[in-house]
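Analysis of the macromolecular model
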Amino acid sequence: MLKNTLTSFAGLDLLTSAVIVLNGEGGIIFANAAAESLLDSSLKALTHQKLSDLFLNASELMAVFEQAVEHQFADKRQDLTLERVGREPLHVHSIVTALDNPESPVLIEFRENVQQLKLDREERMLDQNKANKELIRNLAHEIKNPLGGIRGAAQLLELELPERQLKELREYTQVIIKEADRLQTLVDRLLAPHRLPHIVGDVNIHEVCERVRSLIVAEFPQGLTIQRDYDLSIPEFRGDKEQLIQSVLNIAHNAAQALNDRIRQGDARLTFKTRVVRQITVAKVRYRLALDLHIIDNGPGIPPEIRNRIFYPLVSGRDGGSGLGLTLAQTFVDQHMGVIECESRPGCTDFRILIPLP
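Here is a short report on the structure shown in this document. (Residues numbered from 1 in each chain as written. Predicted model: local features only at pLDDT ≥ 70, side-chain atom pairs only at ≥ 80, totals over all residues. Heavy atoms only, no water.)

1. A look at the overall build of the protein chain
Along its length, the protein chain carries eleven helices and twelve strands. Among the 358 residues that make up the protein chain, the fraction classed as buried is 43%. Within the protein chain, contacts between residues at least 6 apart in sequence are counted, and of these 62% link residues at least 24 apart. Accessible area of the protein chain: about 19900 Å², with a carbon and sulfur share of 52%. (Helix = DSSP H or I, 4+ residues; strand = E, 2+ residues; numbered from the N terminus. Buried < 20%, exposed > 50% of the residue type's maximum accessible area, 1.4 Å probe, protein only. Contact = heavy atoms within 4.5 Å. Areas by Shrake-Rupley, 256 points an atom, 1.4 Å probe, with all protein chains shown as cover.)

As structure tokens, then:
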């Protein structure tokens, strides 16, 4: 019986959306490959379960299932948040279809609600960013005070060294002083976004991109092509031009450094692309218009192990990197009521900056 069922529904495996087929009692008799992936379970395991077993809040879905069994409708669509034990809830658009088959009377299709997932991800990022900024500010101040004392003590110690041992021991005091200075520079960079005044004026985003382009070309004159795909109809907006230049430069510079191998081969490419998007939600607020700036490179992509943490402070995918560039970029864009998103795979990394327009 199961073999015949699998054969009759085999074509559903070609679909990218998750599909399960149920019997009259709500038992699962078939699930396609996408459903196995979405539900984190094998077909064999699923066919020993009922629809009501899959989710903690299955009552609403079960009510629709019972209506389908009674042929009260041909198909019914609804957006659901389905909660699961020990796993993140699923935000899906469900389509419940009544079939003319007494052995398998109901088919349910689940499509992940991409917009809801995006909003949830943005909300987590905003909360995390706020917590990070508070942590950085407190930690930097805690480090800064004793650091000055350590440096001062090393200088006083150097002055008290015996003349005959000065040359030999001065090397050690200089190590302390230089390392204290290095940490001081790091702390100053951590505190910089909170100290600098927010200077508001009219900003032309293409002037920002051209300034960054000139800086990148000066540092990487050979092997790197910078393409421009601008929408010249984008209006000026109020913002801090220097902060936006720094944000775009940090992202573009990271991209250029990730392109080192392709630069040597002579086929490295960096693209600045600007567009206007309409009726978009940015940082949980709906806006009529927003700037949509993309900084795209054809490098190796962001390592999977840090892909979800690239905006955290001190997280870097490059040896010797400070891990502050993207954190500062995010802070400056956040001060413009915007967000930064990132999509990355080998051969294409796309950083997207969204900023509301008047």
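From this point, the narrative continues.
2. Thoughts on the nonpolar core
In terms of nonpolar packing, the biggest core is built from 41 residues, with I216, L224, L270 and I353 touching the most fellow members. Secondary-structure elements contributing two or more residues to this core are α8 (205-219), β7 (224-229), α9 (241-258), β9 (268-282), β10 (285-297), α11 (325-334) and β12 (348-356). Residue contacts for I353: discarding those within four places in its chain leaves V248, I251, L291, D292, L293, I295, V333, V339 and I340. Counting 30 residues, the second-largest nonpolar core is a separate cluster that includes L22, A34, L54 and L90. (Core = buried A, V, L, I, M, F, W, Y, C linked by side-chain atoms within 4.5 Å.)

3. A few points about the sheet that holds β9
Here five strands make up an open sheet; going across it, the order is β7-β9-β10-β12-β11 and the pairing mixed. Bordering the open sheet on either side are β7 and β11 (339-345), each of which pairs with just one other strand. Within the sheet, the average angular offset between the axes of one strand and its neighbour, ignoring direction, is 20°. Strand direction decides the pairing type here: β11 and β12, joined by seven bridges, are antiparallel. Each bridged residue has a counterpart across the sheet, and for I340 the counterpart in β12 is I353. Sheet strands touched by α8: β7, β9 and β10. Its angle to β9, the strand with the most contacts, is close to 160°. Docked against the sheet, α9 engages β7, β9, β10, β11 and β12, running at close to 35° with respect to β10. (Pairing = 2+ DSSP bridges. Axes fitted to C-alpha atoms, helices over the stretch in contact; angles between N-to-C directions.)

4. A word on the pairing of strand β4 (residues 87-98)
Across nine bridges, the pairing between strand β3 (residues 75-84) and β4 is antiparallel. Paired with T81 across the bridge in β4 is H91. Once β3 ends, the chain turns through two residues before running back antiparallel as β4, passing G86 with a positive phi of about 70°. In this structure, β4 lies alongside strand β5 (residues 106-112), joined through seven bridges in antiparallel fashion. Bridge pairing in β5 links V96 to I108.

5. A short note on the side chain of D240
Relative to the helices and strands, D240 resides in the loop between β8 (237-239) and α9. Among buried Asp, Glu, Lys and Arg side chains, D240 stands out as unpaired, with K241 the closest opposite charge at 9.8 Å. Within the local environment of D240, its side chain forms a polar contact with the backbone nitrogen of Q243, the two atoms lying 3.1 Å apart. (Lys, Arg positive; Asp, Glu negative; His and termini not counted. Salt bridge = Lys/Arg side-chain N within 4 Å of Asp/Glu carboxyl O. Polar contact = N/O pair within 3.5 Å; in protein donor to acceptor, adjacent residues only side chain to side chain.)

6. Here we look at the pairing of β12
β12 sits mainly inside the fold: nine of its nine residues count as buried. The side-chain alternation of β12 yields two buried faces, one formed by C348, D350, R352, L354 and P356 and the other by T349, F351, I353 and I355. One ladder, built from eight bridges, connects β10 with β12; its direction is antiparallel. Across the sheet, A290 pairs through a bridge with P356, a residue of β12. The loop that links β11 with its antiparallel partner β12 comprises two residues; one of these, G347, has a positive phi angle of about 95°.

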